[in-house]
Amino acid sequence: MASPTPMIEARGLTKVYQAERERSWRRRKPSDTGRRPAVDSVSFDVARGELFVIMGLSGSGKSTLLRMLNRLVEPTAGTVTVDGVEISSAAPGELRRLRNNTLNMVFQHFAIFPHRTLVENVGYGLQIRGIAAGERAERANWALSRVGLKEWGHELPSALSGGMRQRVGLARALATDAEVLLMDEPFSALDPLIRRDMQDLLLDLQSQLKKTIVFVTHDLNEAMRLGERIMVMRDGKLIQLGTGSEILSNPADDYVADFVSDVDRSRVVTAERVMCEPSSSLRGLDLANFATVERNTRLMDIFPLVGEDGTPVCVLDDSGRLVGEISSTALLQALTTDRSVSHA
Ligand SMILES: Nc1ncnc2c1ncn2[C@@H]1O[C@H](COP(=O)(O)OP(=O)(O)OP(=O)(O)O)[C@@H](O)[C@H]1O
Ligand SMILES: [Mg+2]
């Protein structure tokens, strides 16, 4: 069982860039547009082993928020605790230790040294940490094999395609053995098919390694595919935080509703968002005569089970108890409407 204390606790995180600019020697531009915070009092927890997605349009404050988690950006106000250590007040040595051992950042663009082999590139972070050559190579080779580049360790980066380069970035993060990966739009520059491959790879790695991942994207489909929970931001504010299914079936406001209107609902919304109370006629019947699904079964997997004669699909909880039913009408309605999904 994972420990119940969250891996990351952010409280009231706020960043006002201009506050610093005013303090600096730089002349203020007369056109400066007020002091709207880039991030405005955002609080959230990320559980150990969770893949947590921050999503929002360009300029909504995603990168600023992510960088406050390891203090690459200094918060104007608020606190961050990572693995029980308060980052916001950590002494330089403690902060360095956390950045080296616990937190690792994966960027969309990262430097690959052209004259070093992949093993050397992937092991670079370990080298600056003073880890001996033998262990470095061992960990780099392990990480390369995890991302499907096992045979490539002695090649130079020039031999790689764009997608493969992005795998190197991921391998570099894995090699450090950091528990927390902070990923800022790492796949945004990739073409759609390679991007999907990388998402699959990340999900696959995550199912084995159970890192705590904070993943920033402005792509809703990517967010829905990857995120166990998704935080939607606008203008520096947290607008909604929930599972993809919760957000799709119950958007917090018109902005979110608009954002999610193009998503393929059948791949995201789950049975429990669509089911209604089991009717009394179902109770006491032998469930073996009905198609049954779990609470978190996706609508796309429920569709084929709905009987033409109108037989509902039964929703069971973990212990096999009947908790809801889904009629064909409810299913169709859930797939076509935005907000009228009926709740249990
Ligand atoms: N170093 C900086 N100095 C001043 N303003 C900044 C700085 N970095 C970001 N900003 C401003 O803060 C706001 C949030 O920017 P941020 O980069 O965090 O957004 P984002 O959601 O990551 O956007 P994108 O999707 O384009 O990467 C924007 O208005 C941006 O102009
Ligand atoms: Mg950004």
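Please read all numbers here as calculations on a predicted model, not as lab measurements. (Residues numbered from 1 in each chain as written. Chains lettered and ligands numbered in written order. Predicted model: local features only at pLDDT ≥ 70, side-chain atom pairs only at ≥ 80, totals over all residues. Heavy atoms only, no water.)

Q: Teacher, can you tell me more about the packing of aromatic side chains here?
A: The description of an aromatic ring pair uses the distance of the two centres, along with the angle that the planes make with each other. Following the criterion strictly, the structure yields four aromatic pairs and no others. An angle of 55° between the planes, with centres 5.6 Å apart, marks the rings of phenylalanine 187 and phenylalanine 215 as tilted. With a gap of 28 residues between them, phenylalanine 187 in the loop between strand E7 (180-184) and helix H8 (192-209) and phenylalanine 215 in strand E8 (residues 212-217) connect regions that are remote in the sequence. Classification of phenylalanine 187 by relative accessible area gives buried; the value is 1%. Seen from the ring of tyrosine 255, arginine 234 lies directly overhead, with NZ or CZ sitting 4.7 Å from the centre. (Phe/Tyr/Trp six-rings, centres within 6.5 Å; stacked < 30°, edge-to-face > 60°. Helix = DSSP H or I, 4+ residues; strand = E, 2+ residues; numbered from the N terminus. Buried < 20%, exposed > 50% of the residue type's maximum accessible area, 1.4 Å probe, protein only. Lys NZ or Arg CZ within 6 Å of the ring centre and 35° of its normal.)

Q: It is not clear to me how the domain arrangement of the protein chain should be interpreted in this structure. Could you clarify?
A: A common way to report how large an interface is uses the accessible area buried once the components associate. Each assigned domain of the protein chain is listed with its residue range as follows: domain 1 (8-102 + 178-263) and domain 2 (271-336). Its C-alpha centre places domain 1 at a distance of 36 Å from the equivalent point of domain 2. (Domains from an automatic or database assignment.)

Q: Would you mind showing me how to read the sheet that holds strand E12 (residues 313-316) here?
A: Two orientations exist for strands paired in a sheet by backbone hydrogen bonds: parallel and antiparallel. Reading across the sheet, the three strands line up as E11-E12-E13 and stay open at both edges, with mixed pairing between neighbours. Both outer strands of the open sheet, strand E11 (292-294) and strand E13 (322-326), are each paired with one neighbouring strand and no more. Strand-to-strand, the axes of this sheet are offset by a mean angle of 35°, without reference to chain direction. (Pairing = 2+ DSSP bridges. Axes fitted to C-alpha atoms, helices over the stretch in contact; angles between N-to-C directions.)

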